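So you can see what is in the structure, the chains are spelled out below.
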Amino acid sequence: QQLRDLANQPGETVDVQQGEVLKPVDEHSVFSLQDQPAPKIPEDRKVTLQMVESPYYTNNVANQSLPDGEAVYEANRQSLVEIYTLTHTNSTHSAVGVILSEDGYILTNAYLVEAAKRIVVYLPDGTLVPATMVGSDNMTDLAVLYVDAKGLTPAVFGTSKTLQVADPVYTVALQDKAGLPMKMTADNLFTASRKFSTRHYQLNLLQICKHSENGPLFNSFGQIVGLCVSRTARYFNEMGKLGIVLGSNSMQNIIDQLLRHFIYDKVNHIPDRTKVPIKRRSCH
């Protein structure tokens, strides 16, 4: 009726709505705090993991281990960040990230950022900064971000090859509200290192008893020994519902390729599902 009336009233305008009105973006507090543009990735990109040889967890070195998850978190607090993403469908996601270098490179899970139109990072000092994705690999679920920051504290990585079944390990997760101390969960290693070759990588996969979607895995000495990549399970057979971890010994090669803006082909290079034998062990 309004449109018919408009024909008889030259010069008049009328508002017409079609379909459902879009709801406004869910303004998570981290996205309303800043409107800076995402940083430009430096042309010269290089990250060398700060990795030390982890001792075997035996009675001979048990007294070197940290007493609990809180102590592990405190030892790593300055090297962990909170990552928040806003997708093109206006949904938000979050995860823990790991600082790789003092000049702004950060490791996280690929699924968190590959569909993001906006990425923000809470640094350990409470500063909120925008981030740019350097590269992501769908199969290994690793991604590297870049933030315009200096003087960050790179994480200390341990060697995943020294982990043994039943070794104590820890996972970390964010609280419901941004800026709060992270939550540490004690766990045990379920399956020791398994090597698996793809066209691009030699993967070192682990399993832990408790399921964890994302974030770093720590050994009892406070070193990062892997990244939880449970969504990688779709590429492998018989993984079940246990948490899957990409071991730290596989990471440097993948990160090198991601820093060259390498984005893994999601369709054409899926590995043969029949070539990954999984040795079952009980969790105690």
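First things first, this report covers the structure right here in the doc. (Residues numbered from 1 in each chain as written. Predicted model: local features only at pLDDT ≥ 70, side-chain atom pairs only at ≥ 80, totals over all residues. Heavy atoms only, no water.)

### Details of the overall build of the protein chain
Note the following rule: Every helix listed is a DSSP run of H or I at least four residues long, and every strand listed is a run of E at least two residues long, numbered separately from the N terminus. Per-residue accessibility, obtained with a 1.4 Å probe over protein chains only, is compared with the maximum for each type, and a residue is labelled buried under 20%, exposed over 50%, and partly exposed between these values. A contact between two residues is defined here by any heavy atoms of the two lying within 4.5 Å. Only the protein chains shown count as cover for residues, and all accessible areas are computed by the Shrake-Rupley method using a 1.4 Å probe.
Helix and strand counts for the protein chain stand at five helices and 14 strands. Within the protein chain, buried positions represent 48% of all 284 residues. Relative to all contacts within the protein chain whose residues are 6 or more apart in sequence, the contacts with residues 24 or more apart total 70%. Accessible surface for the protein chain amounts to roughly 14,600 Å². Of this, 48% is attributable to carbon and sulfur atoms.

### So, the side chain of Ser-101
Heads up, the rule is: Polar contacts, as used here, are pairs of N or O atoms within 3.5 Å; protein pairs need one atom able to donate a hydrogen and one able to accept it. Residues neighboring in sequence count only if both atoms are side-chain atoms.
Mapped onto the elements, Ser-101 comes out in the loop between β3 (92-99) and β4 (105-109). Among the polar contacts made by the side chain of Ser-101, one reaches the side chain of Asp-103 at a distance of 2.5 Å. One polar contact links the side chain of Ser-101 to the main-chain amide nitrogen of Tyr-105, over a distance of 3.3 Å. Filtering out sequence-adjacent residues up to four positions away, Ser-101 remains in contact with Val-47, Leu-152 and Pro-154.

### Some remarks on the packing of aromatic side chains
Formally: Here the aromatic set is Phe, Tyr and Trp, taking the six-membered ring for Trp, and pairing holds for ring centres within 6.5 Å; pairs whose planes are under 30 degrees apart are stacked, those over 60 apart are edge-to-face, and all others are tilted.
Scanning the model with the defined rule gives two aromatic pairs in all. Note on Tyr-57 and Phe-221: the rings are 6.2 Å apart at their centroids and 55° apart in plane angle, and the pair reads as tilted. Linking Tyr-57 in the loop between β1 (50-51) and α3 (69-76) with Phe-221 in the loop between β12 (216-219) and β13 (224-228), this pair joins segments that are 164 residues apart in sequence. Taking relative accessible area as the criterion, Tyr-57 reaches 30% and is therefore assigned partly exposed. For Phe-221, a relative accessible area of 15% corresponds to the buried category.

### What about the sheet that holds β3?
Where strands meet in a sheet, backbone hydrogen bonds hold them as pairs that are either parallel or antiparallel. Our working rule: One requirement defines pairing of two strands: DSSP has to find at least two bridges between them. Axis lines are fitted to C-alpha atoms, over the contacting stretch for helices. Their N-to-C directions set the angle, which ranges from 0 to 180 degrees.
With respect to topology, six strands assemble into a closed barrel ordered β2-β3-β4-β7-β6-β5, the strand pairing being antiparallel. Shown here is a sheet whose adjacent strand axes are inclined to one another by a mean of 40°, direction ignored. Alignment of β4 against strand β7 (residues 142-147), held across five bridges, turns out to be antiparallel. By the bridge assignment, Ile-106 is partnered in β7 with Leu-145. Helix α5 (residues 251-259) contacts β4, β6 (128-137) and β7 of the sheet and is inclined by roughly 55° relative to β7.

### Quick look at the nonpolar core
Cut-off, in case you're wondering: By nonpolar core we mean a set of buried residues, namely Ala, Val, Leu, Ile, Met, Phe, Trp, Tyr and Cys, connected to one another through side-chain atoms within 4.5 Å.
If you look at the biggest cluster of nonpolar residues, it comprises 42 residues, and the most contacted ones within it are Leu-100, Tyr-105, Leu-142, Val-144, Phe-157, Met-251 and Ile-255. When sequence neighbours within four positions are dropped, the list of residues in contact with Leu-100 reads Val-47, Leu-49, Tyr-105, Ile-106, Leu-107, Val-144, Pro-154, Phe-157 and Ile-255.

Bear in mind that shape data such as this cannot, by itself, settle questions of function.
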